[in-house]
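Now for the letters of each chain:
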Amino acid sequence: MAELGEEPHAIPRVVAVLSTTLERLAERNNAVDRPLALHHRASAFHGLTKPAISVRSYLERIFRYANCSPSCYVVAYIYLDRFLWRHPAVFLDSFNVHRFLITSVLTAVKFMDDIYYNNAYFAKVGGISLMEMNYLEVDFLFGVGFELNVTPVIFSSYCSTLEREMYLESPASPPRLHGCLTEEEPSSCQQKQQQLAV
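Small disclaimer: the values here were computed from a predicted structure and weren't measured. (Residues numbered from 1 in each chain as written. Predicted model: local features only at pLDDT ≥ 70, side-chain atom pairs only at ≥ 80, totals over all residues. Heavy atoms only, no water.)

Caption draft 1: Geometry of the packing of helix α3 (residues 70–86) against helix α7 (residues 152–166). Remark: α3 packs on α7, axes separated minimally by 10 Å, with the N-to-C direction vectors making an angle of 95°. In terms of axis orientation, α3 runs roughly perpendicular to α7. Mapping the contact onto sequence places Ser71, Val74, Val75, Tyr77, Ile78 and Asp81 in α3 and Ile154, Phe155, Tyr158, Cys159, Thr161 and Leu162 in α7. A class-by-class count of the residues in the contact of α3 with α7 yields nine nonpolar, two polar and one charged. (Axes fitted to C-alpha atoms, helices over the stretch in contact; angles between N-to-C directions. Helix = DSSP H or I, 4+ residues; strand = E, 2+ residues; numbered from the N terminus. Parallel < 35°, antiparallel > 145°, perpendicular 65-115°, else oblique. Contact = heavy atoms within 4.5 Å. Nonpolar A, V, L, I, M, F, W, Y, C, P; charged D, E, K, R; others polar.)

This is the structure in C-alpha cells:
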C-alpha cells in the first residue's frame, strides 16, 4: 500500500486511508445512541470521554513512534474487523476507537514484525497506562479468539477494500469494514458487508 518512492518518514497512505475510514465509521456510530453493556467484551475499550486527539493524528503518532511496517496497519484493520465480526453488538465510536487502534496495532506488530517495542512503550505512545495496555491486549486476543494468522489472499482482499475507500467518490458514503474472517466464508462476507452498508 505504501509507495516505494515515499520519504522514509512520510506517513504511508494506508495510515491516512485507515484513519479516514475509522473516523467516518466512529462519527456515524456516534450519531446512534447505544447503551454500553458493562459486562460486554468491548467495555474495557470504552473511554469515559472522547480523546482530544483525532483518529488520524493518533494513527500518525503510532506510526512515528512505533516503527512498525505499513503492513501492520492492514493487519490491525483485519484484527479489528475480526473482533467486530465476533461481537456484533460492539460498534466503533469516538469513545473506543483509539483504544481499539493501539491494541490492534500492538497485536499486529507482535505477529508481523521481527523487531518491535514492548507494551510499556506502546502504552506511552497510546497515552494509556501499562496495566491498561496489558489488559486491553489480553481482552483483544480473547475477543478475536486468538485468530491472528492472515493469509495472503485475505491480506490482499483487505488492501483492495482500503484502496476502494481511498477512491470513494462521495465522502458521505458510509464506511464499511470488510467482514471476512477466512477464505472459506465468501457468502457470509457478502451478507455482513450488506449489513454494514445499510
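Further notes follow.
Caption draft 2: Fine view of helix α5 (residues 119–126). Buried within α5 we find Asn119, Phe122, Ala123, Val125 and Gly126. Around the axis of α5, the buried residues are gathered within 160° of arc, so they sit on the same side. Next to the buried residues of α5 lie α2 (55–66), α4 (97–112) and α6 (130–143). Sitting at the head of α5, asparagine 118 places a side-chain oxygen 3.2 Å from the backbone nitrogen of alanine 120. Positive backbone phi, at 75°, marks glycine 127, one or two positions downstream of α5. (Buried < 20%, exposed > 50% of the residue type's maximum accessible area, 1.4 Å probe, protein only. Arc of directions from axis to C-beta. Polar contact = N/O pair within 3.5 Å; in protein donor to acceptor, adjacent residues only side chain to side chain.)

Caption draft 3: Region of the structure containing the pattern of salt bridges. Under the criterion given, the structure shown has four salt bridges. Residue arginine 64 is joined to glutamate 60 by a salt bridge in which the shortest nitrogen-to-oxygen separation is 3.9 Å. Of this pair, arginine 64 and glutamate 60 both sit in helix α2, four residues apart, which is roughly one turn of that helix. Taking the relative accessible area as the measure of exposure, arginine 64 reaches 49% and is therefore partly exposed. Judged by relative accessible area, glutamate 60 falls into the buried class, the value being 16%. With a shortest N-O distance of 2.7 Å, arginine 99 and glutamate 132 are connected by a salt bridge. Of this pair, arginine 99 sits in helix α4 while glutamate 132 is found in helix α6, placing the two residues 33 residues apart along the sequence. Given the relative accessible area of 23%, glutamate 132 is considered partly exposed. The network of salt bridges with common partners includes Arg56, Glu60 and Arg64. (Salt bridge = Lys/Arg side-chain N within 4 Å of Asp/Glu carboxyl O.)

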